[in-house]
Amino acid sequence: MNNSLPNASVKCLRDTSVTAVVFPCLYSILFIVALVLNSLAAWIFFSIPSTSTFVVFLKNVVVADLLMTLTIPLRILSDAGVGSWHLRAFHCRYSAVLFYITMYISILLLGLISLDRYLKIVRPFGKCALQRVRVGQMLSAAVWAVMLSLALPNVILSDQPPRISGGRLKCSSMKSKAGLLWHEGFNYFCQVIFWGTLALMVVCYTFISKKVYESYKASKSRSQAASRKTKAKVFVVVGVFFICFAPFHFARVPYTLTQTRNMASHCQAQNALYIAKETTLWLSATNVCLDPLIYVFLCKVFRKRLTAALGPKALHKGAMDSLTATSTQLEMSQIPHSKRLSYNGMPE
Ligand SMILES: Nc1ncnc2c1ncn2[C@@H]1O[C@H](COP(=O)(O)OP(=O)(O)O)[C@@H](O)[C@H]1O
């Protein structure tokens, strides 16, 4: 393996004619929406006591999403080419790393949330170790600690004087040989995190969906349409997760190889892969706006606090009902109360 920065990569100037205009605009919109939604979510969540692992994980997702949102302004300036190369270098070394880590922390936490919902159905009343608040807090802390410490070499090993040869500074040009090696290895590790979490979610939600369907049948519900709708809604969370993150994970591997090995020696191909990576990364980042919707749909306590905060008049009951109807919470009004099983796994 050739661990040195390929000459082709250094010589090939990054074409930023499109990215310098389009991405700052796209990220600006994302920043405003994400800041409003996540600040509101944080304000509500931190008035809710951590009485379940579910709330613990959701609180951690809010913190990760808020941190990720705060890195966006620097990304906007860096993409737009505003400021000196020092700003771009700061983005490469610190801000971009934090952006990626918080993204993967969110992914891991969403995996833990699906596992938690699954356990809630298997043991609605019993408490296994994973359902204890203390264990939830320790697991969340472990996720943060592992991700932060494993990404630290990405910061430390970006210590080379940046090579700017006319075009935009490439983050990989600030890395030593060891830095490039770690960057590539850590990116493979992140691929495992994403595809592993996706597999876990598919298994958990398939099981949840099956249980919800059985719950319908047991109630001898006449509404087959409602049952079908329920099953479809169950997959909304997994579907959104896949659509947001999968394209980036397909684009990331070949792009990383252009950074670390002599792959795609054609400059045009390198630029195309860069644009593909940037576009799909923006799509992944939109997840920071979608997570707050999950809180509304899945977390009853959150929904109650939100309604109270916005005031009963401000949020018309009809509007709230339609929100709940499109939710994945799957409250089953046709089912006798004693047999109801909601998507969030709790007998309502
Ligand atoms: N999955 C990841 N986790 C943590 N840091 C990452 C990850 N992927 C890339 N990085 C770091 O983020 C910075 C920007 O990387 P990258 O987006 O590949 O560069 P560029 O903007 O030049 O395409 C680099 O320091 C890189 O090591």
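So, how was this worked out
The residue count restarts for each chain, going from 1 along the sequence in the order it is written. Local features in this predicted model are restricted to residues whose pLDDT is 70 or higher, and side-chain atom pairs enter the listing and the counts only when it is 80 or higher, whereas totals over whole chains, interfaces and linings include all residues. Based on all heavy atoms of the structure, the side-chain values leave hydrogens and waters out of the count. UniProt positions are given in the numbering used here, feature names are shortened, and annotations may be inferred rather than shown by experiment. Should a side-chain nitrogen of Lys or Arg be within 4 Å of a carboxyl oxygen of Asp or Glu, the pair is scored as a salt bridge. The classification of residues rests on relative accessible area computed with a 1.4 Å probe and restricted to protein chains. Under 20% of the type maximum is buried, over 50% is exposed, and intermediate values are partly exposed. Strands here are runs of E lasting at least two residues and helices are runs of H or I lasting at least four, both read from the DSSP assignment and numbered beginning at the N terminus. Whenever a nitrogen or oxygen atom comes within 3.5 Å of another N or O atom, the pair is scored as a polar contact, on the condition that within protein one atom can donate a hydrogen and the other can accept it, and that pairs from neighbouring residues in sequence are kept only if both atoms are in side chains. Definition of nearness: a residue and a molecule or strand are near each other if at least one heavy atom of the residue lies within 4 Å of the molecule or strand. Residue-level accessible areas treat just the shown protein chains as cover; the underlying method is Shrake-Rupley with a 1.4 Å probe. Note on residue classes: Ala, Val, Leu, Ile, Met, Phe, Trp, Tyr, Cys and Pro are nonpolar, Asp, Glu, Lys and Arg are charged, and everything else, Gly too, is polar. Arc, as used here, means the arc of the directions from the helix axis to the C-beta atoms. Pairing of aromatic rings covers Phe, Tyr and the six-membered ring of Trp, with a centre-to-centre limit of 6.5 Å; geometry is then stacked below 30 degrees between planes, edge-to-face above 60, and tilted otherwise. The nonpolar core is taken to be a set of buried Ala, Val, Leu, Ile, Met, Phe, Trp, Tyr and Cys residues, with the residues joined through side-chain atoms within 4.5 Å. Note on definitions: a residue-residue contact is assigned when non-hydrogen atoms from the two residues lie within 4.5 Å. For helices, the axis comes from a line fit to the C-alpha atoms of the stretch in contact; other axes are also lines fit to C-alpha atoms, and the angle between any two N-to-C directions lies between 0 and 180 degrees. Here the angle decides the label: under 35 degrees means roughly parallel, over 145 means roughly antiparallel, 65 to 115 means roughly perpendicular, and every other value means oblique. Helix crossings fall into two classes, left-handed where the near helix is turned counterclockwise from the far one by less than a right angle and right-handed where it is turned clockwise.

Regarding the chain, the relevant UniProt record gives this comment under Sequence similarities (unreviewed entry): "Belongs to the G-protein coupled receptor 1 family." Under the Subcellular location (unreviewed entry) heading, UniProt states for the chain: "Cell membrane".

A. Broad picture of the pattern of salt bridges. Inspection of every chain in the model, using the stated rule, returns four salt bridges. Close ionic contact of Arg 117 with Asp 116 constitutes a salt bridge, the shortest N to O distance being 2.5 Å. Taken as a pair, Arg 117 and Asp 116 share a single burial class, namely buried. In this structure, Lys 277 engages Glu 278 in a salt bridge whose closest nitrogen and oxygen atoms are separated by 2.6 Å. Grouping residues by exposure puts Lys 277 and Glu 278 together as buried. A single salt-bridge network, built from bridges that share partners, covers Arg 75, Lys 277 and Glu 278.

B. The side chain of Thr 258, seen in detail. Within the secondary structure, Thr 258 sits in helix 7 (residues 224–260). A polar atom in the side chain of Thr 258 sits 2.5 Å from the backbone oxygen of Tyr 255.

C. Examining the UniProt feature "transmembrane region" (unreviewed entry) in the chain more closely. The feature "transmembrane region" (unreviewed entry), as annotated in UniProt, sits at residues 20–45, 57–77, 97–115, 135–156, 192–213, 234–251 and 281–298 in this numbering. End C-alpha atoms of residues 192–213 are separated by 31 Å, and the span's content is 100% helix alongside 0% strand. Annotation note: span residues 281–298, helix share 94%, strand share 0%, distance between end C-alpha atoms 26 Å.

D. Broad picture of the site of the ligand. Around the ligand there are 20 residues in total, and Tyr 100, Lys 175, Arg 252, Tyr 255 and Lys 277 lie nearest to it. The backbone of Cys 171 places a nitrogen or oxygen atom 3.1 Å from an oxygen atom of the ligand. A distance of 2.7 Å is found between an oxygen atom of the ligand and a side-chain nitrogen or oxygen belonging to Arg 252. Contact with the protein chains hides 99% of the accessible area of the ligand, taken as 560 Å² for the molecule alone. For the shell around the ligand, the secondary structure elements donating two or more residues are helix 4 (85–122), helix 6 (177–218), helix 7 and helix 8 (267–285). Considering every element that reaches the shell around the ligand, the biggest residue donor is helix 4, with six residues. By residue class, the composition of the shell around the ligand is 10 nonpolar, five polar and five charged.

E. Representation of helix 10 (residues 300–310) within the structure. Regarding helix 10, the residues found buried are Phe 302, Arg 303 and Leu 306. Buried residues in helix 10, looked at end-on, bunch into an arc of 100 degrees, giving them a common side. Set apart from the buried face of helix 10 by more than 90 degrees, the exposed residues are Lys 304 and Ala 308. Just downstream of helix 10, Gly 311 is the residue with a positive phi angle, here 85 degrees.

F. Region of interest: the packing of aromatic side chains. One pass over the structure, following the stated rule, counts 14 aromatic pairs. Summarising the aromatic geometry, the rings of Tyr 118 and Phe 207 are spaced 5.0 Å apart at their centres and angled 70 degrees between planes, so their arrangement reads as edge-to-face. Within this pair, whereas Tyr 118 is found in helix 4, its partner Phe 207 is found in helix 6, the two being separated by 89 residues in sequence. Tyr 118 gets classed as partly exposed once you look at its relative accessible area, which sits at 24%.

G. Fine view of the nonpolar core. Counting residues in each nonpolar core, the largest one holds 67 residues, and the members touching the most others are Tyr 27, Phe 45, Tyr 104, Ile 105, Phe 241, Tyr 295 and Phe 302. The biggest single contributor to this core is helix 4, with 13 residues. Sequence-distant contacts of Phe 45, defined by excluding residues within four places in its chain, comprise Val 55, Leu 58, Lys 59, Val 62, Tyr 295 and Phe 302. Listed in part, the five residues of the second largest apolar core include Ala 89, Leu 169, Cys 171 and Met 174.

H. How the structure looks around the packing of helix 4 against helix 5 (residues 133–156). Contact geometry for helix 4 and helix 5: axes closest at 10 Å, N-to-C directions at 150 degrees. The angle between helix 4 and helix 5 falls in the class roughly antiparallel. For the pair helix 4 and helix 5, the crossing hand works out as right-handed. For the pair formed by helix 4 and helix 5, the contact residues are Arg 93, Tyr 94, Val 97, Ile 101, Tyr 104, Ile 105, Leu 108, Leu 109 and Leu 112 on the first element and Leu 139, Ser 140, Val 143, Trp 144, Met 147, Leu 148, Ala 151, Asn 154, Val 155 and Ile 156 on the second. Across the contact of helix 4 with helix 5, the residue classes tally to 16 nonpolar, two polar and one charged.

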